[in-house]
Amino acid sequence: MTTKTTARNETQTRGYGSVSQKKSTASAGGTAQSAQPATKQRQTTTANGSTRATTRAAKNGTAATAATAATTSAAAAAKTAKSRSTSAEPHRDLLRYRDEFPILQNKVYLNSCSLGPLSRRSMAGLARFQELWNEHGAQAWYRLWLGEIAAVRAKVAQLIGAQPHEIAIAPNVSIALSEITSGLDLGERKKVVLADMDFPTLAYQWLVKQQSEVVFAKSADRMTLPAESFAPLVDERTGLVATSRVFYLSGYIQDIGALAQIAHAKGALLLVDDYQGTGQIPLDVKKLDIDFLVTGTLKWLMGGPGLAFIYVREELIPRLHPTVAGWFAARDQFQFRTTDFEYRDDATRLEAGTPAVAPIYTASAALDIVLEIGVERIRERTRFLADDLIRRAQEKGWPVRSPLDSSIRSSIVMLGLERPDELVHGLTERGIIVDYRPGLLRISPNFYNTVEENATIVAAIDELLRARKG
Ligand SMILES: Cc1ncc(COP(=O)(O)O)c(C=O)c1O
């Protein structure tokens, strides 16, 4: 079986600027994506000589010296990236955002798919929350905080093409999913179809429910999963197709429009876990005909932990009766009626108790940055950076375990390198922050990164791999 790539994600994401790249074919056999050995060598050390500095320090035998030199070199790389990139980089207008993120001055930060960096605006937002608390005490709830929560719902709605009353907040995606699953009666349609590449928390929602029948569409190459793979699994007994738009394990972008058609043709609903998509790949929930969506601020929205969102298509809101309930879900909440309960009319019926306000202020400011730049522009930039990173990895002959075709790949780049945990450790000592999943090093450039930083990490990995060989 061969997966043909098409331009469908351009439709899904509404025409972000494209970086030209040859179309590739993803083989279900799983080997076609492995990088070919380099045909020519690239200059990989950074112009500021950061790699040499760390090598020398390491040879001197003190890990501490190596780490210090490495951190200094990462900081130097970051500064150099800032000063030189204006002449070398495209999307120059985005480089001014580097000053927004203090961490970029000291680290090469390539880990947005795990934890987005903290911005100055978010720090100011958090400080503002504390000031308001000090200034108004409990009055802050009514005068300001509830208003800010509503503002955040509206910002997220704008970001994903929804209406504000279709958005609820939750403390994390797992709870967001529990709100939906506890509230959605699928009747006789007990079957839920997921992907084996989804983040586990999604499947757990139904695996813990004895009455559910859980089936998985399976990726043959552990990277991609054509929408057609779901079709034979979705039938009249299927209540829900639940899967992610972007796979956390490969960066693959699923064809959500096609999945909506497959689900709806059989009378099933579609739930999308968009934690790895929102903020990096444009989205219009209406155009894609999505029924439910969950996402959060930790990663590409750069708003830190503690805040997630639920989108429910307007028509479906009355169908949801969550048994994870609370007074924030109650109509006329401030009437304090103890002896009866009525759900709110809008998506906030999926909320439960007092929300955490600090993450609201942190995330609200970060959402402003994303909205200001625009996700289409972010996608243009990250697509360019991920392509550049993959090209550099291929030139080193490292196996790339993300799709090569950038129209179906996000800015999550997986490299099939042995003992990735050790590499993450070695890179951290050099001031370069990435992470790993079993057998895979995971690198995720965002709009504020530079090609210089790509070069820095590739040189550092190269050095660590050479050190292994002795
Ligand atoms: C796609 C995806 N969904 C869900 C989660 C977990 O979300 P939470 O910890 O907010 O429940 C993650 C975390 O990395 C993720 O990548």
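Parameters and conventions
- Residues numbered from 1 in each chain as written.
- Predicted model: local features only at pLDDT ≥ 70, side-chain atom pairs only at ≥ 80, totals over all residues.
- Pairing = 2+ DSSP bridges.
- Helix = DSSP H or I, 4+ residues; strand = E, 2+ residues; numbered from the N terminus.
- Axes fitted to C-alpha atoms, helices over the stretch in contact; angles between N-to-C directions.
- Contact = placed C-beta atoms within 7 Å.
- Core = buried A, V, L, I, M, F, W, Y, C linked by C-beta atoms within 7 Å.
- Buried ≥ 20, exposed ≤ 12 C-beta atoms within 10 Å, placed from the backbone.
- Domains from an automatic or database assignment.
- pLDDT = per-residue confidence, 0-100.

**Regarding the sheet that holds strand β9 (residues 292-296)**
Alright, step 1. Read across the open sheet, the 7 strands follow the order β4-β10-β9-β8-β7-β5-β6; overall the sheet is mixed. In the strand order of this sheet, the two ends are held by β4 (167-170) and β6 (213-217), each with one partner. Pairs of neighbouring strands in the sheet enclose a mean axial angle of 20 degrees, with direction left out of account.
Alright, step 2. In the packing of helix α7 (residues 173-183) onto the sheet, the strands contacted are β4, β8 (269-273), β9 and β10 (308-312), and the crossing angle to β10 comes to about 30 degrees.
Alright, step 3. In the packing of helix α9 (residues 256-265) onto the sheet, the strands contacted are β7 (238-244) and β8, and the crossing angle to β8 comes to about 150 degrees.

**Overview of the nonpolar core**
Alright, step 1. Val241, Ile310 and Tyr311 are the most contacted members of the largest nonpolar core, which totals 123 residues.
Alright, step 2. Residue contributions to this core peak at 9 residues, all from helix α10 (residues 357-373).
Alright, step 3. When we break this core down by domain, the ones giving at least three residues each are domain 1 (2-116 + 376-469) and domain 2 (122-371).
Alright, step 4. Every residue in contact with Tyr311, bar those within four places of it in the chain, is listed here: Ile160, Ala162, Glu166, Ile167, Val285, Phe292 and Leu293.

**Focus: the sheet that holds strand β14 (residues 440-443)**
Note: strands within a sheet are paired through backbone hydrogen bonds, in either parallel or antiparallel orientation.
Alright, step 1. Taken together, 3 strands build an open sheet; the order of strands is β11-β14-β13 and the sheet is antiparallel. Each of the sheet's edge strands pairs with one partner strand only, and the pair in question is β11 (413-415) and β13 (435-437). Here the average twist between neighbouring strands, direction ignored, is 35 degrees.
Alright, step 2. Of the pairings in the sheet, the one linking β13 to β14 comprises 3 bridges and is antiparallel in character. When the sheet's bridge partners are listed, Arg437 is paired in β14 with Leu440.

**Some words on the environment of Trp145**
Alright, step 1. The residue Trp145 is located in helix α6 (residues 139-160) in this model.
Alright, step 2. Put simply, Trp145 and Ile360 are 215 residues apart on the chain and 8.7 Å apart in space, counted from C-alpha to C-alpha.
Alright, step 3. Not counting the four nearest positions on each side in its chain, Trp145 is found in contact with Ala140 and Val357.

**Re the confidence of the model for the chain**
Alright, step 1. Scored by pLDDT, the chain has a mean of 86; 81% of the residues are at 70 or more.
Alright, step 2. Low pLDDT (under 50) marks residues 1-72, which in the prediction has 134 contacts with non-local residues, meaning those over four places away or in another chain.
Alright, step 3. pLDDT under 50 marks residues 81-86. Its contacts with residues more than four places away, or in other chains, come to 11 contacts.

**A few points about the environment of Thr297**
Alright, step 1. Inspection of the secondary structure puts Thr297 in the loop between β9 and β10.
Alright, step 2. Taking the C-alpha atoms as reference points, Thr297 and Val173, separated by 124 residues in sequence, lie 9.7 Å from one another.
Alright, step 3. Setting aside residues up to four positions removed in sequence, Thr297 forms contacts with Gly303, Gly304, Leu307, Pro359, Ala363 and Ala366.

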